[in-house]
Amino acid sequence: MKTKSDLKIPSFIWNISIDRNALQFGMIVFVLLTTLIASYWGTMKILVLLIAVFLSIPVFFLLIKYPNLGFFFMLLGGWFISYKGPGGVNASILMAILMFALWLLDMLIIRRRFEFVHSQALRPAVYFMITSMVAFIAGQIKWFTFANQAPLDAQVGGFAIYFFLVALMIVTANILRNIRWLKAFIWVFVGLVLLFVFSRVVNLPGVNNIYAYMSHANSMFWMWPVALLMGQIIFNNDLKFRYRLLLLAVVAVIFYVAVFQNRDWKSGWVPSIVAVGVLLGLRFRKLAFFAIPFAVIIAGSLVGGMIASDQYSWGTRVDAWIIVLEVSKTSPLIGLGFANYYWYVKLVPIRGYYVNFNSHSQFVDIIAQTGIAGLFCFMWILFEVGRLGWKLMQRLPPGFERGYASGVLAGVFGSLTAAFLGDWLLPFTYNVGLDGVRSSVLPWIFFGALVAVERIHREKSNDENSTWTYRSLS
């Protein structure tokens, strides 16, 4: 018995024919081969890999039917499966790649037409992905004769981070079609963060060890729950008072661990403070205008204090930025390719030493790897997401969605702050690396979900012919 499906792309028709008996025979052969491989090599890594392959089969079919489950698998797999492959490949980046592939296959094979949500916020994301591909090709050029290039696996890893994290934003905007899925993901995310921080407060043994490396050692792990929860507390009028107090207590616990237990790690709490400050300014706009001078003074004092408390670190960072940007002048428009500058900077001494180093700045990393074109697209993405968050705040009815839009808007400012402190949004291969993707997926999921919220309410408004007028932002 054969199953056929016609795949139409413009003027072409592809006939796909699958023989079920051959498929069953193939599965039997596959099982036998994997069993032989396991018995021959007999290593723990091979065993774990085989188990992962078998477990991925039901996950694959679940994703086909319920693609939104991918967000949960990405979070749970990235945070609780510490096993990683070459270069730090982990469940989070693999799930991001799989979701992107399934989204494309769904359009090409199931729906047989290529279409996606039209939004100003997604346009720069597409341009950034194209720029990343061009930068990867340019990275194969040996820009400096007397310096080594990054190994190909490091370049591929860097490209995968830039391309598929931004692609995740586009996928989220297209497959998220129900607010309930977004609510469920946010509360699962917040619950997992709370479990970790609560165990740190009461010093529960063993809980810290179940979280994978770099899942919680990432600025996004700390900033986004604060931004989203404070958005609900301040702007969700449907939230009852007791629930506001409960969420406020959660935020307080997060700040306690981030500020008092990890005070020296500024990436953990400075972006969160910025996000809260933005939300308070949005809520009390008239007072915010008069508070601007005081906020500038306080911010300047905090920055001065942080620099004074760690002068050597900040001094070396500035030196690194200058050298990396100087090296990047060789290819200012499209960059030097992924991970290459880490090897090129060894040609220039930093404080008298010829060593490899990274910039510890998201902005400098983007310039060095994808050039001015990449930085322009990156800033354009953040601008459009922030603009969309601001406009949705004005148009959405009071409730969860308005609280979410305000939280994402604050998250944009928090993400900008985190980008200044390190490569937390798009990890650099030789610093935060692929391990950091475990939590770096968060901003791109939430950015894409904001576009999905816009589309959901636009469609709802059109279907119900309500008196509430909604102007399309696309």
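Up top you'll find the structure we're talking about.
Residues numbered from 1 in each chain as written. Predicted model: local features only at pLDDT ≥ 70, side-chain atom pairs only at ≥ 80, totals over all residues. Heavy atoms only, no water.

**Student:** Explanation requested: the overall build of the protein chain in the structure shown.
**Tutor:** Of regular secondary structure, the protein chain possesses 17 helices and 2 strands. A sequence separation of at least 24 residues applies to 76% of the contacts in the protein chain between residues at least 6 apart. In the form shown here, the protein chain has an accessible surface area of approximately 23,500 Å², with 69% of it arising from carbon and sulfur atoms. (Helix = DSSP H or I, 4+ residues; strand = E, 2+ residues; numbered from the N terminus. Contact = heavy atoms within 4.5 Å. Areas by Shrake-Rupley, 256 points an atom, 1.4 Å probe, with all protein chains shown as cover.)

**Student:** Please explain the packing of aromatic side chains as it appears in this structure.
**Tutor:** Two measures describe an aromatic ring pair: the distance that separates the ring centres and the angle between the ring planes. The final tally for this structure, using the stated rule, is 39 aromatic pairs. Here F221 and W222 contribute two aromatic rings whose centre-to-centre distance is 5.3 Å and whose plane-to-plane angle is 70 degrees, an arrangement assigned as edge-to-face. Considering the side-chain rings of Y342 and W343, the 5.9 Å spacing of their centres and the 80 degrees angle between planes classify their relative orientation as edge-to-face. Residue classification places Y342 among the buried residues on the basis of a relative accessible area of 18%. Of the residues examined, W343 reaches a relative accessible area of 25% and is grouped as partly exposed. One residue, K183, lies across the ring of F400, its end atom 5.2 Å from the ring centre. (Phe/Tyr/Trp six-rings, centres within 6.5 Å; stacked < 30°, edge-to-face > 60°. Buried < 20%, exposed > 50% of the residue type's maximum accessible area, 1.4 Å probe, protein only. Lys NZ or Arg CZ within 6 Å of the ring centre and 35° of its normal.)

**Student:** Honestly, the pattern of salt bridges in this entry has me stumped. Any pointers?
**Tutor:** A side chain of one charge can pair with a side chain of the opposite charge when the charged atoms of the two come close. Taken as a whole and judged by the stated rule, the model has 6 salt bridges. Residues K329 and E326 are paired through a salt bridge, measuring 3.2 Å at the closest nitrogen-oxygen approach. For K329, a relative accessible area of 56% gives the class exposed. The shortest N-O distance in the salt bridge between R458 and E454 comes to 3.2 Å. A residue pair is termed a helical-turn pair when its members lie 3 or 4 positions apart in one helix, as R458 and E454 do in helix α17 (residues 437-464) at 4 residues. Both residues of the pair, R458 and E454, belong to the buried class. (Salt bridge = Lys/Arg side-chain N within 4 Å of Asp/Glu carboxyl O.)

**Student:** I keep staring at the environment of R111 and nothing clicks. Help me out?
**Tutor:** The topology assignment puts R111 in the loop between α4 (91-110) and α5 (123-138). Since its relative accessible area comes to 32%, R111 is described here as partly exposed.

**Student:** Looking at this model, I keep getting lost on the packing of helix α3 (residues 69-80) against helix α7 (residues 179-202). Mind explaining?
**Tutor:** Two numbers describe how α3 lies on α7: the axes approach to 10 Å, and their chain directions differ by 10 degrees. One way to sum up the angle between α3 and α7 is to call them roughly parallel. Like other packed secondary-structure pairs, α3 and α7 cross with a definite hand, here right-handed. Side by side, α3 and α7 meet where L69, F71, F72, L75, L76, W79 and F80 of the first sit next to W181, A184, F185, V188, F189, L192 and V193 of the second. (Axes fitted to C-alpha atoms, helices over the stretch in contact; angles between N-to-C directions. Parallel < 35°, antiparallel > 145°, perpendicular 65-115°, else oblique. Left-handed = near helix turned anticlockwise from the far one by under 90°.)

**Student:** Help me understand the side chain of S267 in this model?
**Tutor:** Along the chain, S267 falls in the loop between α10 (241-261) and α11 (270-283). Here W424 takes part through its side chain, which lies 3.1 Å from a polar atom of the side chain of S267. Not counting residues within four places of it along the chain, the set of residues in contact with S267 comprises S219, L421 and W424. (Polar contact = N/O pair within 3.5 Å; in protein donor to acceptor, adjacent residues only side chain to side chain.)

**Student:** Even after reading the chapter, I still don't get a nonpolar patch on the surface, so can you show me in this structure?
**Tutor:** Side chains of F198, V201, V202, L204, Y256 and F260 sit close together on the surface and give an oily, nonpolar patch of about 540 Å² of accessible area. Relative to the assigned elements, F260 resides in helix α10. (Patch = residues over 30% accessible without salt bridge, like charges linked within 9 Å, V, L, I, M, F, W, Y side chains within 5 Å.)

**Student:** What should I look at first to understand the packing of helix α9 (residues 219-235) against α10 in this one?
**Tutor:** In a packed pair of helices, the relevant descriptors are the angle between the two axes and the axis-to-axis distance. α10 packs onto α9 with a crossing angle of 155 degrees between their chain directions and a minimal axis gap of 10 Å. With respect to each other, α9 and α10 are oriented roughly antiparallel. Between α9 and α10 the crossing geometry is left-handed. Between α9 and α10, the residues in contact are W222, P225, V226, L229, M230, Q232, I233 and I234 and R244, L247, L248, V250, V251, I254, F255, V257 and A258, respectively.

**Student:** Hey, could you run me through helix α6 (residues 152-175) in this one?
**Tutor:** Spacing of three or four residues puts side chains on the same side of an α-helix, whose turn is 3.6 residues. When the terminal C-alpha atoms of α6 are compared, their 33 Å separation across 24 residues agrees well with the 34 Å that a helix rising 1.5 Å per residue should span. Of all 24 residues in α6, 21 are buried; the element is thus mostly enclosed. (Expected span 1.5 Å × (residues − 1).)

In short, the description is geometric, and any link to function would need to be established separately.
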